[in-house]
Amino acid sequence: MTEIYIGVFLLGILISLLAWYKRSPFFNFIGIQIAVYGFLKGLALFIPPLPSQVVVMYMAMSVFAFFIYFSIREETFRAFLAPIKSVLADRDKVLYRVVIVFIGLPLLAAYITYAKVRPSFEPPVSARIVHPEPPTEIDFRGKKIQILGLENPLRKDTDRMKDYLEEGKKIYYQNCFFCHGDDLDGKGHFAEAFNPPPLPFRGTDTIAQLPESFVFWRIAKGWTGLPPGSRPWDSAMPAFEDILTEDEIWKVILFIYEASGNKPRTWE
Amino acid sequence: MAEKDIKKGVLKGLLKLTLILGAGFLLLGILGRILPSPTEDGYRFFPVIGSRVWVWIVAQLHLNFAAFVLGVPIFAVTMEFLGWRRKDERLDRIAYDFTKLFTLAYTLTAVMGAVLMVSLPILYPKFIQHLMKVLGPTWWAYILFMYGEVFVCYYYFYSWHRMKDRKGLHVLLGVLLNVMGTILLLITSSWVGYMTTPAGVTETGELVNRWQAIKTYMWIPLSLHRLVANVVFGAGIAAAYAAFRFITATTPEEKAYYDWMGYTSAMIAIGFSLILPGIGYLLGVEIYAFNEQMGIQLMGGFYAWLWVMQAILIGAILFFINYYLWISLNKMPGGERYFRYVKFLFIVVLLGYAIWLTPHSVALSLEEARRIGSYHPVLGKLGVMASKNTAVIISYMATFISFAIFRMSNKEPTVSWASMGKWLRVLIIVASTGVVLFLGVYSYMVPSVTRVKVLSPIQFGVFLLSILALYILDSRMFKGARVIGEPRWGQMPERSQYALIGITVTFTWLMGMMGYMRSGGRQYWHVYGILKDTSPDAYLPAHGVASVIVTLVTLLFFLMVAFVFWSVMKLEMIAEQRRAK
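Residues numbered from 1 in each chain as written. Chains lettered and ligands numbered in written order. Predicted model: local features only at pLDDT ≥ 70, side-chain atom pairs only at ≥ 80, totals over all residues.

**Q** Can you walk me through the overall build of chain B in this structure?
**A** Across its full length, chain B holds 19 helices and four strands. Taken over C-alpha atoms, the radius of gyration comes to 25 Å for chain B, in line with the 25 Å a tight globule of 581 residues would show. The dimensions of chain B, computed from C-alpha atoms along their principal axes, are 80 × 80 × 40 Å. Expressed as a percentage of its 581 residues, the buried residues of chain B come to 46%. (Helix = DSSP H or I, 4+ residues; strand = E, 2+ residues; numbered from the N terminus. Rg over C-alpha atoms; globule rule 2.2 N^0.38 Å. Buried ≥ 20, exposed ≤ 12 C-beta atoms within 10 Å, placed from the backbone.)

So this is what it looks like as structure tokens:
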């Protein structure tokens, strides 16, 4: 099904080229928009599909930007408007007028309305908060831990770092890898069952953007214990304070940063 | 506005302020007596829309006008100074026109201020009592300086023509006006600073040190951010005014003047907007330093989605300004030579915009989440600051090149090294873009702290240095250049003026949204960590609701601004008729 978008893309390019040859900026504009849409949707052949929210954003930007482009020069803009004016006003274009203005456009509006309101069994799209703000302090098995400004105490003990990493690795494979994956890519055995899926640790855009104190809080408290400003927050992450000790959490944090090739975010 | 007797004009201004303030205090007294007592925890409720939305709308409208009347005088006096030193009548006229605008806008600013002054103590008596206890003396100082500001403003306006032989003294008056304005801004910023990053009080809100309560984490960065943003905003409103006058102008002379005024104002707005991100960054650093939790909530938590909206709007502003400059080539004799470069600039700005607005975390349906995961492998990489900083810097660079092209499009350099100069220009552009790109890619490979504190400032520094180098090079190269023809001011299609109006409307909407985010950072606190908001409104509204309110405020503001524009035109017409008689 995705292959069809290659055809859409090529059709857009063809329309655009023909319009360019015929010096018709309006149809060039239409062709470009079709090509951009085909390109954005067709990307799914090579990478995971772009979310529809992003496709809508890019398309809106494309319409806005190319409309601007075709209205820079006076003669181009006049030529751009010519087919629209012609369909709306010329006496010999009555048929076009009827088909496009009085039938086509209302039908399109009706279809869009129908598509928006037709019953669907899909749960609504949720604008989830990805980085909830951490609380000032947490209660960890009855001990108050100040989260703000908290540093991994094991990092100072460089002599035993190798042991900590080895232990962290064991803890990871006993507790975390089922969801977060063997390769720390968020594709563990259970990953498919969750929405949102587990966080990948590889790449520079997840844990590399977070200080260790934040990761400690997320592991310790899981989906519970969020400050009021961050609710609701969908997650299946368990609260590991019931399973792991404070030291064990710090060890596994050392491991996930080391194994994913990332460094924790620091402010200084 | 006809120029009358200075004394009469100043008295009129002071009387107007006294009447508005007097009416405010009177209404406050009456409402305090006739309305039922506040609830036990210190609230009264505004009918239908609720207290929060009411105060939100009034405060934002007041702030918009205040930004205008504090921002415009800065460049009005700069224009007057330049006009005086260069003996350029046109600059003097534009400065006078700006002054006319902000003098008229003062009345609306004061009216909105008075409505806010009545609303807050009536609807939030406990909160205002607390503020008065901690910062009370600053309020009385505020009133005092407000009188000073109005006195100098009206004197400055009404003495414009009378003091034309004593321009130096008049410019000095303008400077004094700006000093007064800056003091007012510092006072109001101290209130917001105290509410968001309080200091100088105990945990229960007892005053320990008033100066500490004024001099909070946020005070100076917020004041700086507002000061520069006010200039950008004021210049934007002036550009919108010029655009409006251009569209309604009936003579070629008028069209030419307002075309030039719109161009000058828009360039001031965009020029100053270049330093806004840096000051905004400073403000963000101070918020993080005060409370990391608040910082994360503002930048990466609940409000992360609004930053995407901010990116969309800033990208739109860049597009509008480039569009305006590209379309301006039509009026430059010789401008057609440069149209071939426009398509490349367009592609750069378009790609920059696409990256700049790419969200890091997206709203996903269940099926999309299953197929993509938490982060899209490509979008996730484009949606972080390493790529966004790079994209926006390169877009700004393209915008500067559009500006440079416009300025030189009607000239031909005559210096012997012109050919080498052109190559040098290409070299500067290619090299600086290459360095910015390299640093952007390298940013992915270093810890965030290195990116934030080292690489991003270097990227920004390279950009500033390169535009400075280009500016100096072009000034040298085009010194004594052959002029192909003078710009045909006034010969602009009307759609170009809508781009100027678009810039200003977008600025205004952005100000409303960013102001809401800054205020929402306090969450359910009137004064963060000190005085809790226990009213039924103590929750963060959905982004959709916030957007609707900000849109409503923007619409109301422009209705009022349209009234100011109409008043200026009406008064000009009356003055014209009097002169004709």
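**Q** Sorry if this is basic, but what is going on with the overall build of chain A here?
**A** Across its full length, chain A holds eight helices and two strands. Start at the N end of chain A and walk to the C end: the helices and strands fall as α-α-α-α-α-β-β-α-α-α. Taken over the C-alpha trace, chain A has a radius of gyration of 27 Å; the compact-globule value for 268 residues is 18 Å, which it surpasses by more than 25%. Referenced to the eigenvectors of the C-alpha coordinate spread, the extents of chain A come out at roughly 85 × 40 × 35 Å. Across the 268 residues in chain A, those meeting the buried criterion constitute 31%. The contacts of chain A with a sequence gap of at least 6 include a subset with a gap of at least 24, amounting to 53%. (Contact = placed C-beta atoms within 7 Å.)

**Q** Whenever I open this one, the interface of chain B and chain A confuses me. Can you help?
**A** Interfaces are often sized by the accessible area lost when the parts come together. The partner chain A presents 52 residues to the 52 residues of chain B that form the contact. Sorting the residues of the side of chain B that touches chain A by element identifies α10 (292-299), α11 (304-328), α12 (339-356), α13 (366-372), α14 (379-382) and α17 (448-477) of chain B as the ones contributing at least two each. In terms of residue class, the side of chain B that touches chain A is built from 32 nonpolar, 14 polar and six charged. (Nonpolar A, V, L, I, M, F, W, Y, C, P; charged D, E, K, R; others polar.)

**Q** Explanation requested: the domain arrangement of chain A in the structure shown.
**A** Splitting chain A by domain gives domain 1 (4-117) and domain 2 (137-260). The distance between the C-alpha centroids of domain 1 of chain A and domain 2 of chain A comes to 48 Å. (Domains from an automatic or database assignment.)

**Q** Any chance you could explain the domain arrangement of chain B here in plain terms?
**A** Domain boundaries assigned for chain B yield domain 1 (6-303 + 522-580) and domain 2 (333-486). Between the C-alpha centres of domain 1 of chain B and domain 2 of chain B the distance comes to 33 Å.

**Q** Please explain the nonpolar core as it appears in this structure.
**A** Nonpolar side chains tend to gather and get buried jointly when the protein is soluble and globular. Residues and elements named next belong to chain B. Ala 239 and Ile 503 are the most contacted members of the largest nonpolar core, which totals 156 residues. Looking at which element gives the most residues to this core, the answer is helix α2 (residues 51-86), with 18 residues. Sequence-distant contacts of Ala 239, defined by excluding residues within four places in its chain, comprise Gly 262, Ser 265, Ala 266, Ala 269, Leu 500, Ile 503 and Thr 504. (Core = buried A, V, L, I, M, F, W, Y, C linked by C-beta atoms within 7 Å.)

**Q** How should I be thinking about the environment of Lys133(B) in this particular structure?
**A** Residues and elements named next belong to chain B. By secondary structure assignment, the location of Lys 133 is in helix α4 (residues 125-158). What makes Lys 133 exposed here is the crowd of 12 C-beta atoms within 10 Å. Placed 74 residues apart in sequence, Lys 133 and Leu 207 show a C-alpha to C-alpha distance of 7.6 Å.

**Q** Honestly, the confidence of the model for chain B in this entry has me stumped. Any pointers?
**A** Detailed reading of the predicted coordinates is not advisable wherever pLDDT falls low. With 99% of its residues at a pLDDT of 70 or more, chain B has an overall mean of 90. Interface scoring of the predicted complex returns ipTM 0.84; its pTM is 0.87. (pLDDT = per-residue confidence, 0-100.)

**Q** Would you take a moment to explain unusual backbone geometry for this structure?
**A** Negative phi characterises most residues that are not glycine, and trans characterises most peptide bonds. The backbone phi angle of Leu184(A) is positive, close to 55°, even though this residue is not glycine. By the element assignment, Leu184(A) lies in the loop between α6 (161-180) and α7 (212-221).

**Q** What am I meant to see in the packing of helix α1 (residues 4-21) of chain A against helix α2 (residues 25-42) of chain A here?
**A** What describes two packed helices is the angle between their axes and the distance between those same axes. All names here are of chain A. At their nearest, the axes of α1 and α2 sit 7 Å apart, and the two run at 160° to each other. When the interaxial angle is binned, α1 and α2 end up roughly antiparallel. The crossing of α1 and α2 is left-handed. Here α1 contributes Tyr 5, Ile 6, Val 8, Phe 9, Leu 11, Gly 12, Ile 13, Ile 15, Ser 16, Ala 19 and Trp 20 to the contact with α2, which in turn contributes Phe 27, Asn 28, Ile 30, Gly 31, Ile 32, Ile 34, Ala 35, Tyr 37, Gly 38, Phe 39, Lys 41 and Gly 42. Split into classes, the residues belonging to the contact of α1 with α2 amount to 16 nonpolar, six polar and one charged. (Axes fitted to C-alpha atoms, helices over the stretch in contact; angles between N-to-C directions. Parallel < 35°, antiparallel > 145°, perpendicular 65-115°, else oblique. Left-handed = near helix turned anticlockwise from the far one by under 90°.)

**Q** I tried to follow the pairing of strand β2 (residues 143-146) of chain A on my own but got confused; where do I start?
**A** Side chains on a regular strand alternate between the two faces of the sheet. Relative to β2(A), strand β1 (residues 137-140) of chain A is paired through four bridges, and the arrangement is antiparallel. Looking at β2(A), one finds that Ile138(A) is bridged to Ile145(A). (Pairing = 2+ DSSP bridges.)

**Q** Can you help me understand the packing of helix α18 (residues 494-520) of chain B against helix α19 (residues 543-580) of chain B in this one?
**A** All names here are of chain B. At a minimum axis distance of 9 Å, the contact between α18 and α19 shows a crossing angle of 135°. Looking at the two axes, α18 sits oblique to α19. In this structure, α18 crosses over α19, and the sense of that crossing is right-handed. Here α18 contributes Val 505, Thr 508, Trp 509, Gly 512, Met 513 and Tyr 516 to the contact with α19, which in turn contributes Ala 546, Val 550, Thr 551, Val 553, Thr 554, Phe 557 and Phe 558. Residue composition of the contact of α18 with α19, by class: nine nonpolar, four polar and no charged.

**Q** Looking at this structure, I do not really get the environment of Leu184(B). What am I missing?
**A** Residues and elements named next belong to chain B. Looking at the secondary structure, you find Leu 184 in helix α5 (residues 167-196). Between the C-alpha atom of Leu 184 and that of Ser 273, which follows or precedes it by 89 residues, the distance is 22 Å. Ignoring any residue separated from it by four or fewer positions in sequence, one finds Leu 184 in contact with Leu 70, Tyr 142, Phe 145, Met 146 and Glu 149.

**Q** Looking at this model, I keep getting lost on α17(B). Mind explaining?
**A** The α-helix advances 3.6 residues per turn, and as a result positions three or four apart in sequence lie on the same side. All names here are of chain B. An ideal rise of 1.5 Å per residue puts 44 Å on 30 residues; α17 measures up with 41 Å between its terminal C-alpha atoms. Of all bends in α17, the biggest is about 35°, found at Leu 455, and the proline Pro 457 comes one to four residues later. Among the residues of α17, those classed as buried are Ser 448, Arg 451, Ser 456, Gln 459, Phe 460, Phe 463, Ser 466, Ile 467, Leu 470 and Met 477. Buried residues along α17 sit in contact with α9 (276-290), α15 (385-408) and α16 (418-442). (Expected span 1.5 Å × (residues − 1). Bend = angle between axes of the 7 residues up to and from the residue.)

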